[in-house]
Amino acid sequence: MQPSITSLKKEQYKGLLSDNNTVCTLELTVTTGFEEVACQECREKLEVEPSCHLGRIVFDIEIDKVPEALKLRSVENIYVIVLVEENFPFSSEREDCFEKMYKLAGTPDWKKGIKVWQLVFGVEDSDIFEGEEELEGSYCTPKPEIDLKKMKKEKCIIANLPQKNGNTVSTEKSTNTKKIISETQRVGKGPKFRVTCERVGSIHVFGSSEAARQFGGGINEKFGWPVDLKHHTLEVDLNIVENFVYVGLRLTMEPLFKRNVTQFGPTTLKSTICYNMVKLAKPQPGDIVIDPMCGGCSLPIEGALTHTQCFYLGGDIVEVATSRSRMNIDNLVEKEKSLSADTIRWDTTALPLRDQVADVIICDLPFGKRMGSKIDNRVLYFKSLVELARVTRLNTGRAVLLTYDKKSISKSLFRVSSLWKNFSTRNINIGGLIAGVYLLQRTGLFSDSKLTEELKLKGKKRKLSTDE
Ligand SMILES: C[S@@+](CC[C@H](N)C(=O)[O-])C[C@H]1O[C@@H](n2cnc3c(N)ncnc32)[C@H](O)[C@@H]1O
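Conventions and cut-offs
- Residues numbered from 1 in each chain as written.
- Predicted model: local features only at pLDDT ≥ 70, side-chain atom pairs only at ≥ 80, totals over all residues.
- Heavy atoms only, no water.
- Helix = DSSP H or I, 4+ residues; strand = E, 2+ residues; numbered from the N terminus.
- Buried < 20%, exposed > 50% of the residue type's maximum accessible area, 1.4 Å probe, protein only.
- Contact = heavy atoms within 4.5 Å.
- Areas by Shrake-Rupley, 256 points an atom, 1.4 Å probe, with all protein chains shown as cover.
- Near = heavy atom within 4 Å.
- Polar contact = N/O pair within 3.5 Å; in protein donor to acceptor, adjacent residues only side chain to side chain.
- Nonpolar A, V, L, I, M, F, W, Y, C, P; charged D, E, K, R; others polar.
- Pairing = 2+ DSSP bridges.
- Axes fitted to C-alpha atoms, helices over the stretch in contact; angles between N-to-C directions.
- Salt bridge = Lys/Arg side-chain N within 4 Å of Asp/Glu carboxyl O.

(A) Representation of the overall build of the protein chain within the structure. When you go through the protein chain residue by residue, the secondary structure sums to 13 helices and 18 strands. For the protein chain, the residues scored as buried account for 52% of the 468 residues in total. Contacts spanning at least 24 positions in sequence make up 78% of the contacts within the protein chain whose residues lie at least 6 apart. As displayed, the protein chain offers around 22,300 Å² of accessible surface, 52% of which is attributable to carbon and sulfur atoms.

(B) Quick look at the site of the ligand. Around the ligand, a shell composed of 20 residues is seen, among which Leu269, Gly296, Ser298, Asp316 and Asp347 lie nearest. Here an oxygen atom of the ligand sits 2.4 Å away from a polar atom, N or O, in the side chain of Ser298. In this structure, an oxygen atom belonging to the ligand sits 2.6 Å away from a side-chain N or O atom of Asp316. Here the ligand has 610 Å² of accessible area as a free molecule, and 93% of this is covered by the chains. Of the residues assigned to the shell around the ligand, the class counts are 11 nonpolar, 6 polar and 3 charged.

(C) Spotlight on the side chain of Arg398. Positionally, Arg398 belongs in strand β16 (residues 398-403). For Arg398, a relative accessible area of 16% corresponds to the buried category. Not counting residues up to four positions away in its chain, the partners in contact with Arg398 are Ala281, Lys282, Pro283, Gln284, Asp287, Asp359, Val360, Ile361, Thr392, Trp420, Leu440 and Gln441.

(D) Inspection of the sheet that holds strand β17 (residues 420-430) at higher detail. Taken together, 7 strands build an open sheet; the order of strands is β14-β13-β12-β15-β16-β18-β17 and the sheet is mixed. The open sheet terminates on both sides in strands that have one partner only, identified here as β14 (341-345) and β17. Ignoring which end each strand starts from, the neighbouring axes of this sheet average 15° apart. As paired elements, β16 and strand β18 (residues 433-442) share 6 bridges and run antiparallel to each other. Across the sheet, Thr403 pairs through a bridge with Gly436, a residue of β18. This element, helix α8 (residues 271-281), spans β15 (360-364), β16, β17 and β18 of the sheet and lies at about 150° to β16. This element, helix α10 (residues 319-334), spans β13 (311-316) and β14 of the sheet and lies at about 165° to β14.

(E) Here's a closer look at the side chain of Thr443. Considering the arrangement of structural elements, one finds Thr443 in the loop between β18 and α13 (449-467). According to the relative accessible area criterion, Thr443 is buried, its value standing at 18%. Side chain to side chain, Thr443 and Arg442 meet in a polar contact 3.4 Å long. Not counting the four nearest positions on each side in its chain, Thr443 is found in contact with Leu394, Asn395, Ser417, Ser418, Leu419, Trp420 and Lys421.

(F) Highlighting the pairing of β14. With 5 bridges connecting them, β13 and β14 associate as parallel partners. Across the sheet, Tyr312 pairs through a bridge with Ala341, a residue of β14.

(G) Focus on the sheet that holds strand β4 (residues 77-85). The strand order across the open sheet built from 7 strands is β2-β3-β1-β4-β11-β10-β9, with neighbouring strands paired in mixed fashion. Here the strands that pair on one side only, and so sit at the sheet edges, are β2 (51-53) and β9 (193-200). In this sheet, adjacent strand axes meet at a mean angle of 30° when their direction is disregarded. Where strand β1 (residues 23-29) lies against strand β3 (residues 56-62), 7 bridges are found, and the strand directions are antiparallel.

(H) Local environment of the pattern of salt bridges. In total, this model carries 27 salt bridges according to the counting rule given. Between Glu44 and Lys279 there is a salt bridge whose closest N-O contact spans 2.9 Å. Linking Glu44 in helix α1 (residues 35-46) with Lys279 in helix α8, this pair joins segments that are 235 residues apart in sequence. A relative accessible area of 12% means that Lys279 is categorised as buried. As a salt-bridge pair, Glu68 and Lys71 come within 3.0 Å of each other at their nearest N and O atoms.

This is the structure in structure tokens:
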């Protein structure tokens, strides 16, 4: 498991020095579990030296090379970091925290961040900082009645909620002693922006939306950039992990996994995950790569677009899936993308392929809740692994399999260990659910008579029960 982002040491990054005008520091998000695959892609394509953190990678890069980073295939979102505070002095007083977060808006290296943002989005305005002023207020009007409604209130927040006053929640305690900026915004030149706050920690007496409101209020007060939650062009990410605070400007308006596929199914895999799986399989020029249960063909398509010297074949038992695959492939071909990929309807437990034809198997297996059932999976996984062993090259053949149903795959892999060696397993986090990615190597044994007998017996039993 990778260390948390809080292990990042800001003095190690040239890009975080404001007197360095040519280098910036990027933060890239990646599916947890695939961090080193993403680091490897960055090393190969950008010649940078990334540091790996849980779900994130960070590196310095020449500013004029940043658009190249947008072409990476393994990562989901990219931010240019404009501030890192390793030990932010949060206190147990809400007003004090508001004031500190509001004032924090004066600290980031906005000039460098905006330069990178302009380069990526092709914004040429030269008057973005024209309205810059000193931050005058202490903090802006808190709106706990709006902000705290949106979130789960942790103990620490509940214990520090402002007093109720009649039916409404009052503003903070010392409104008369501090200068609070009212709701009216400064409206100056510059990008429409919004602040999004991601917060983890048990020490905070405020909510994420409250932090975003204060930090955003500070930015508006300082530069006059208009706040626009819906139609913003600049997204500022305020990240708070306990007392580690960092701020990034988002360089990807849409996450990078939204690509390739136009026809989505119930279990379409993110293209970024597809890329990471393909990369783990290390396809070599001339390899035949098969996805035996391909759904809409997202894995073969990502492979064909990135490791172009191989041939990819995706099959599925369901006709809607193969026609979805067909449309996804044709759509890319129409856009003049050359694609060595095809699709076919088949049953993975009885493939219409000759022995040892495949070099690589990549597959996102049906896993139960959304597709298949756990009992079916055990039978399907076992039968598929035996059949896939038949069509995969001895010794050099390999497979990368993904499933949430880790029990079924572990049991099946144990049973077929004479045919497949499971040499590495990693857990990945997909939307909060932990799936397993299994790397298998084909052994030198062509077939295992014990397994063939088991399959025959299963077939007979099934026939008997259907006859009955
Ligand atoms: C998790 S989905 C794959 C999703 C795919 N990776 C995508 O992004 O669209 C699993 C697929 O396995 C297929 N499947 C289930 N049993 C099969 C079998 N015996 N032979 C071939 N395909 C099968 C299902 O129809 C389903 O499309």
